[in-house]
Amino acid sequence: MAYDPENIFAKILRGEIPCDNVYEDDTALAFKDINPQAPTHVLVIPKGTYESMDDFSKNGTEAEITGFFRAVGKVARDLGAVEAGYRFLANNGADAHQEVPHFHVHIFAGRDLGGMIKRV
Ligand code: 5GP
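Scope of this entry: the structure provided in the associated data block. None of these values were measured; they are calculated from a predicted model. (Residues numbered from 1 in each chain as written. Predicted model: local features only at pLDDT ≥ 70, side-chain atom pairs only at ≥ 80, totals over all residues. Heavy atoms only, no water.)

### Describing helix α3 (residues 62-78)
In plain terms, the rule: Secondary structure elements are defined from DSSP: runs of H or I of at least 4 residues count as helices, runs of E of at least 2 residues count as strands, and each element is numbered from the N terminus. Expected span of a helix, by definition, is 1.5 Å for each gap between consecutive residues, and there is one gap fewer than residues. Only protein chains enter the accessibility calculation, which uses a 1.4 Å probe; a residue is then buried when its area is under 20% of its type maximum, exposed when over 50%, and partly exposed in between. Contacts are residue-level and defined by heavy atoms, with any inter-residue pair within 4.5 Å sufficient.
In this model, α3 (17 residues) spans 24 Å end to end at C-alpha, consistent with the 24 Å of a helix rising 1.5 Å per residue. Here α3 has its buried residues at Glu64, Gly67, Phe68, Ala71, Val72, Gly73, Val75 and Ala76. Buried residues belonging to α3 abut β1 (21-24), β2 (28-32), β3 (40-46), α2 (53-59), β4 (86-89) and β5 (105-109).

Below, the structure is given as structure tokens:
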């Protein structure tokens with residue numbers, strides 16, 4: 001599937017729609033989720049046009065991948081989330097309910113986050 005340049009995070013990256021920016025560097029942008037699921041809920045996205053974790057891990061450059069994951073760790077530290085703990089996750093594809101087709105990691109913190117995944 002080709003990357004959709006009209007997805008909402010592509011528009012945020014291009015500055016066409018606003019975001020509540022918490023961090024930015026050469027490879028990554030982090031901003032608050034519009035519909036937070038925890039007291040702290042931040043999204044970190046690479047600046048490159050990768051639709052998913054699968055795409056990014058296959059096609060991202062070493063510099064992009066290293067820079068991105070260093071940014072995720074830095075954002076969590078800067079949010080003060082390390083001591084009490086945090087969770088980061090990426091939804092990939094339909095079964096994981098990925099809504100936005102631009103790779104992103106969620107960082108959740110600020111409360112007991114419960115077990116790993118919803119039991120059905
Ligand atoms: P996914 O299900 O793709 O892993 O998560 C997409 C996330 O993007 C959701 O948590 C949703 O609340 C968030 N989101 C969707 N549209 C916007 C937006 O326009 N701005 C921000 N800040 N977050 C968004």
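### Examining the layout of surface pockets
Inclusion rule: The rule is simple: put a 1 Å grid over the protein atoms alone, call a set of points where a 1.4 Å probe fits but cannot get out a cavity, call an open set with protein on both sides within 12 Å along at least five of seven lines a pocket, and count a residue as lining if it has an atom within 4 Å of a point. Grid points are joined across faces, edges and corners, and a volume is the space filled by probe spheres set on the points. Side-chain classes are defined by residue name, with Ala, Val, Leu, Ile, Met, Phe, Trp, Tyr, Cys and Pro counting as nonpolar, Asp, Glu, Lys and Arg as charged, and the others, Gly among them, as polar.
Estimated volume of the largest pocket: approximately 960 Å³. What lines the largest pocket is a set of 33 residues, and nearest its centre among them are Asp33, His41, Asn91, His106 and Phe108. Going through the elements one at a time, α1 (8-13), β2, β3, β4 and β5 are the ones with two or more residues in the lining of the largest pocket. Broken down by class, the residue content of the lining of the largest pocket amounts to 18 nonpolar, 9 polar and 6 charged.

### Regarding the packing of aromatic side chains
Stated precisely, the cut-off is as follows: Working definition: rings of Phe, Tyr and Trp (its six-membered ring) pair if their centres are within 6.5 Å, and the pair is stacked with planes under 30 degrees apart, edge-to-face with planes over 60 apart, and tilted otherwise.
Counted according to the given criterion, the structure contains 6 aromatic pairs. Taking 5.2 Å as the distance between ring centres and 65° as the angle between the ring planes, the aromatic pair formed by Tyr50 and Phe56 counts as edge-to-face. Measuring from centroid to centroid gives 5.1 Å for Phe68 and Phe69, while their planes differ by 85°, and the two rings are edge-to-face. A residue is classified by how much of its surface remains accessible, and Phe69, at 32% relative accessible area, is partly exposed. Through pairs of rings, three or more aromatic residues link up here, namely Tyr50, Phe56, Phe68, Phe69 and Phe103.

### Description of the nonpolar core
Here is a general trend for soluble globular proteins: nonpolar side chains tend to be buried in one another's company. Going by this rule: By convention a nonpolar core is built from buried Ala, Val, Leu, Ile, Met, Phe, Trp, Tyr and Cys residues, the set being connected through side-chain atoms within 4.5 Å.
Residues Val44, Phe68 and Ile107 are the most contacted members of the largest nonpolar core, which totals 15 residues. Among the elements that take part in this core, α3 stands out by supplying 5 residues, more than any other. Setting aside its immediate chain neighbours within four residues, Ile107 contacts Thr40, His41, Val42, Val44, Val72, Val75, Ala76, Leu79, Tyr86, Arg87 and Phe88. Grouped together as the second largest cluster of nonpolar side chains are 7 residues, Ile12, Phe31, Leu43 and Val100 included.

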